[in-house]
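# Geometric and topological summary
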Amino acid sequence: MVTGCRGAWVAMAAWFAFSIATATVFLLLVLSRVSQAQVFFFPFRQPETCGHNEYFDISALSCVPCGANQRQDARGTSCVCLPGFQMISNNGGPNIICKKCPENMKGVTEDGWNCISCPAGLTAEGKCHCPTGHILVERDVNGTLLSQATCKLCDGSENSFMVANALGNRCVRCEPTFINTSRSCTCSEPNILTGGLCFSSTGNFPLRMTSAARYGELGVSLTSEWFAKYLQSSAAACWVYANLTSCQALGNMCVMNMNSYESSTFDACRLFQFIFENTAGLRTVHSFSFWRQNLPWLFYGDQLGLAPQVLSTTPLPTNFSFKGQNQNTKLKFVAASYDVRGNFLKWQTLEGGVLQLCPDTETRLNAAYSFGTTYQQSCEIPVSKLLTDFPTPIFYDVYLEYTDENQHRYIWAVPVLNLNLQHNKIFVNQDSSSGKWLLTRRIFLVDTLSGRENDLESQPRLVRVATQISLSIHLVPNTKNGNIYPPLITIAYSDVDVRDPTSQSVEVSFSVRYEMDQGEAHVQTDIALGVLGGLAVLSSLLKTAGWKRRVGSPMIDLQTVVKFLVYYAGDLANVFFIITVGTGLYWLIFFKAQKSVSVLLPVPAQEERFVTFVGCAFALKALQFLHKLISQITIDIFFIDWERPKGKVLKAVEGEGGVRNATVPVSIWRTYFVANEWNEIQTVRKINPLFQVLTVLFFLEVVGFKNLALMDSSSSLSRSQSSYIAPYSRILRYAVSAAAWLVIALMQIVFFVVFYERFIEDKIRQFVDLCCMSNISVFLLSHKCFGYYIHGRSVHGHADTNMEEMNMNLKREAENLCSQRGLVPNTDGQTFQIAISSQMRQHYDRIHETLTRRNGPARLLSSPASTFEQSIKAYHTMNKFLGSFIDHVHKEMDYFIKDKLLLERILGMEFMEPMEKSIFYNDEGYSFSSVLYYGNEATLLIYDLLFFCVVDLACQNFILAACLTYLQQEIFRFIRNTVGQKNLASKTLVDQRFLI
C-alpha cells in the first residue's frame, strides 16, 4: 500500500515538472517573438511629397502608386484617369479602371464616365472647350448623352439678359448694374467695370481712388489686392444704389485702414466721408447725427472737444451695486458683427472671449465683465495661428446693454479710441489731451486680408493685429448709486511684417480698468499733509530747542540745523506713515464694504503718488532710526560702585620681599554682573520680531488676508483656483499688510505690558532692583548735559556678602525693617532724569579723558602697564567723584531734586536750565530705557513695518518681504549689540571678555 502511494506521488511530481518545463519553453518562445515585433516606427510622408503617379493613402499614411493610365487627383488622396481616358469603374483610391477613348471621340464628359466628340477642341484636362459667353451641352433634356457636344450662346438681348455662369454650364441673368447702366450684359466704354459691377461714367463720383493699405506703425503703404478689387465697386454701389452691404463693406475697408483720414487722397475713409457729406439730405438713424441712413456708424465727428462731451457728459441710466437685493455686477456687452463683405452675421455677447485673443477657461474670460474687477490678460500668439484662425477679419460694433425702470432693454453705443488713427498724417489719439481725440465705433481683431498683394490666396505680406485692447469704465463723481459714464474701448494695433509665420509671434493683451476722479482725494490728502506737516515742524522745533538745552549750547550753528533736519525727518516720516495708513484703510474699507458703488480703486498710474509717500516715509524713518542707533551706541555710561573695603589684610610687596597692611580690595564681580545685565537688555523689545514676522506671514498667506488686496469687489479670504485672480492693488496690499502688522504688534505689546511684565518678567525694573542689590548705581549721559541716573546704593550698606546675610537683608527689606531705596530718604525714587551743569560736565570730561586714554594717542608714549595703571586710577577717580557728587560733597557742583511739570513731560523738554546746580527730575517711568531698544519700540515698529511694505510693493511678494525684514532686524540687532558692547567696555573699563 505504501509502495503504491509512493509511485502515485512520483508520477504526479513528474507530470508537474513536465508541465512547468513546457510552459516555460512556450513563454520564452512567445516573449522572444513579441520582443522582436516591438517596432513602432515608419517613414513620415505628407500628401504633397507624393509623386504625380502616386496618391496618399489616408489609412496607411503613405504614398501608394496609382494604377495604369491614372494620375493623382487635385486633393492628392485618390487617383483619376489621364486625359483621353474614361472611367469604367471607381471604388476610390486606386480602385478605378480607365479605358482609352476612340479616335473619333477623344473628349471626356465633365463627369469622366463617357467619351464624346468635341468640335470646338479640348482643354488640358481632356474636356470639351467652349468660347467665352457659351455654355457646354453634353446631354439632352432627359439626360441622354449626345454623340457630339455643342456650345450654346446665352441670349444677352433685352428679352433675356442672360450670360454664362462662372462654371460655363448654365445661363444666368446679368448682374443688375449691367442692365441698369448699358441695358445689356456687357459693360463697354465709357462705362466703368469694377468689382464685377458696371457703373456709368457720367456720375459725379470721384475717379481718382487709391487702393493702398496704409501701415502707419511701419511707415509702409502697399497696393492691397482686396482694395483693388472691391474698393471702387463698394463705394460706387453705396453711392449710386445705396446698397447696404456695399456701404458696410466700404466702412470695413475704412476700418481696415485704421479710420485714418487724409483730405488729399481718395482712400477708403475719404470715400466714406465723401458719401457721408453728400448724403446730408438723408435722415439719421435713431436721431444720431453721426449715423447716416444706409451707412455704418464709424465716426463721432472731427470737432475738437467732442470726445470729452461723449465720454463724460451723460451718465448711463443704470446703477451698479456690489451687495444687497439690487446687486448688479454684470457688464452686459453685446456686439453687432459683420464679415468683410459687409454681411451682417449676428448679435453676440462679448462673453466667451469674443474680443480676447488669448485662450483661457470660460469662467476666467467672462470675469472681464464683472463690474469692479480689474482684469488683465496677456499672451504670445504665433503668426501662423493668426493666419489659420483669421483668414478674413470680423468687424464688431460694441454696445452696452441695460434695462430701464420699466424693464425695457436698451443698448448704449460704446466709443472706441483707436491709437493708430491718423488725421492728416497726425496720430491725434495718442495726444494726452482728450480734447484732440477722434472717437470711432467699429473694430476688428486680426486683418490678414488687406496685406495680400497680387493674389488673395497668397500669404499676406503684412498682418495687422489688435495687440492692446483696454476697456475703461469711469465712475460719475460724487455718485452714491453706482452710476458710470459710457465705457471707452482703447485699442492699439501692431503691424507684423510676415517673413516666417512659424517662428514669428505677437504679444497681445486685454484689460479692463475702473477709474474715478481722484482730485478730491488728492485735495484732502494735501490738506492733511499740510496740517500734519506744520505740526511736524513745530514738534521738530521743540525737540531742537530741548536738545539745545540738553547740550548746553545757546548758539544756532550748523550742528543745530542738522539736528533740526534729523528731528524733522522723523516727524515727517510719522506724518507720511499716518497719511498712507489712513488712505490705505479708507480704500480697503469703503471699496470692499460698499453696497451701491460710490468709490473705485485708483488705477496703477494714480497709485504712484501714494507709493511715493510710502517711499518718503521709509527713507525718513530709516534716517531717524539710524540717528537713534548712533546715539545709543555713543552714550556715556559709568557704574558707580558704593561698596567699601572691609578692613585690612597683609599684602606682599613686590620687589621688596616684605609685607605691609593694605585695605581689602572691593570685588569687581558685581560691576561685571551689572554690566552684563545692561549689555543683555540693550536690544530687549516689547515684541518678538520672529513671532511678529511669522504671524503676519501666516495671516497674509495661509489665512488669506492677502486676497483682500485683489482689485475686485469680493471680500472673501479664499479664491478658487479655477476662477480669475485679479491683479493686486498696491494701496490695498499696503493697507492689509500694515493693518496686520500693527494689530499683531499692538496685541504683543499689550500682552507684554499687561501680562508678561506683570506676572513673568520685567527686565527693566529687574535691572533697577539688581543695581540696588549689587550696591551699584548707573550714571548715563545721552547728551552733553543731560542723561539718566539709576540709584542703586544698597540700603544695607554693602552687598558683597554671603548667601545667609543676603537673605537676611532681603527679609528685613520685605518687613520694612530698613530704610527705603530711594535717593531721597524715605522715598522709593531710584530713577531720575538729570540735567547737569556745565561745570559738572567739564569735571566729568577731564576724568573721562584719562579713563579712555588707553585707546588714544597716549599709548604711543606710555607702556601698556603704565597706561593700564592710569586707567585704573582714572576709574577709581571717576567712581569717587560721581559718588561724592551724588552725596552732595561738592558744593560748587551740587544738585537738587524736583518733579517735572506736566507741560515739560508733554513737550519732552526742560524749562529750567542748570546754571550753578544740576537738576535731578524724578522719573517714575524709567525713561532711561530711551537709550535702549525698549524705549524706542514705536520707531522700531514703524521702521520694520515700512521696510516690509516697501519690499513688498517693489516685489509683490510677502514671503520675500518677511525674510528680508527679519534679516535686517537681526543685522541691526547684531550691530547694536556689538558696537554697544564695545562702547560699554570703553566707557566703564569693564573688560569686554566678561561681557557675555
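Residues numbered from 1 in each chain as written. Predicted model: local features only at pLDDT ≥ 70, side-chain atom pairs only at ≥ 80, totals over all residues. Heavy atoms only, no water.

- Within an unreviewed UniProt entry, the label attached to the protein chain reads Meckelin isoform X1, and the organism entered is Camelus ferus.

## A look at the packing of aromatic side chains
- For the structure shown, the criterion picks out 53 aromatic pairs.
- Look at F752 and Y756: their rings are 5.4 Å apart centre to centre, the planes differ by 15°, and that puts the pair in the stacked class. Taken together, the positions of F752 and Y756, both in helix 14 (residues 730-760) and 4 residues apart, correspond to about one turn of that helix.
- You can call F752 buried: its relative accessible area is 12%.
- When its relative accessible area of 24% is taken as the criterion, Y756 is described as partly exposed.
- Through a chain of ring-to-ring contacts, the aromatic side chains of F288, F290, W291, W297 and Y300 assemble into a single cluster.
- Above the ring of Y230, the side-chain terminus of R341 is found at 5.3 Å from the ring centroid. (Phe/Tyr/Trp six-rings, centres within 6.5 Å; stacked < 30°, edge-to-face > 60°. Helix = DSSP H or I, 4+ residues; strand = E, 2+ residues; numbered from the N terminus. Buried < 20%, exposed > 50% of the residue type's maximum accessible area, 1.4 Å probe, protein only. Lys NZ or Arg CZ within 6 Å of the ring centre and 35° of its normal.)

## Focus on the environment of V354
- Tracing the backbone through its elements, the reader meets V354 in the loop between strand 20 (344-349) and helix 7 (362-366).
- For V354, a relative accessible area of 17% translates into the label buried.
- Once the C-alpha coordinates of V354 and Q377 are considered, the two residues, 23 residues apart in sequence, prove to be 14 Å apart.

## Details of the sheet that holds strand 33 (residues 776-781)
- Here we have 6 strands laid out as an open sheet, ordered 30-33-34-35-37-36, and mixed in their pairing. Only two strands of the sheet have a single partner each, and these edge strands are strand 30 (636-641) and strand 36 (895-898). Taking the axes of each pair of neighbouring strands and ignoring which way they run, one obtains an average angle of 25° across the sheet.
- By the bridge criterion, 6 bridges tie strand 30 to strand 33 in an arrangement that is antiparallel. Paired with F638 across the two strands is F779, which belongs to strand 33.
- Each of strand 30 and strand 33 touches helix 12 (residues 669-680); the most contacted strand, strand 30, lies at about 145° to it. (Pairing = 2+ DSSP bridges. Axes fitted to C-alpha atoms, helices over the stretch in contact; angles between N-to-C directions. Contact = heavy atoms within 4.5 Å.)

## Some details on the state of the cysteines
- Summed over the entire model, instances satisfying the criterion amount to 10 disulfides.
- Here C66 connects covalently by a disulfide to C79, the sulfurs 2.0 Å from one another. In this structure the cystine formed by C66 and C79 twists about its S-S bond by roughly -85°; its chirality is therefore left-handed. Here C66, found in the loop between strand 2 (62-65) and strand 3 (70-72), pairs with C79, found in strand 4 (residues 79-81); they are 13 residues apart in sequence, far enough to count as distant. Residue C66 shares its accessibility class with C79, and that shared class is buried.
- Between the sulfur atoms of C81 and its disulfide mate C98 the distance is 2.0 Å. Judged by the sign of its S-S torsion, about -90°, the bond between C81 and C98 is left-handed. One end of the pair, C81, is in strand 4; the other, C98, is in strand 6 (residues 96-100), and 17 residues separate them in sequence.
- Of the cysteine sulfurs around C955, a residue in no disulfide, the closest is that of C963, at 12 Å.
- On the accessibility criterion, C963 (47% relative accessible area) is partly exposed. (Disulfide = S-S within 2.5 Å.)

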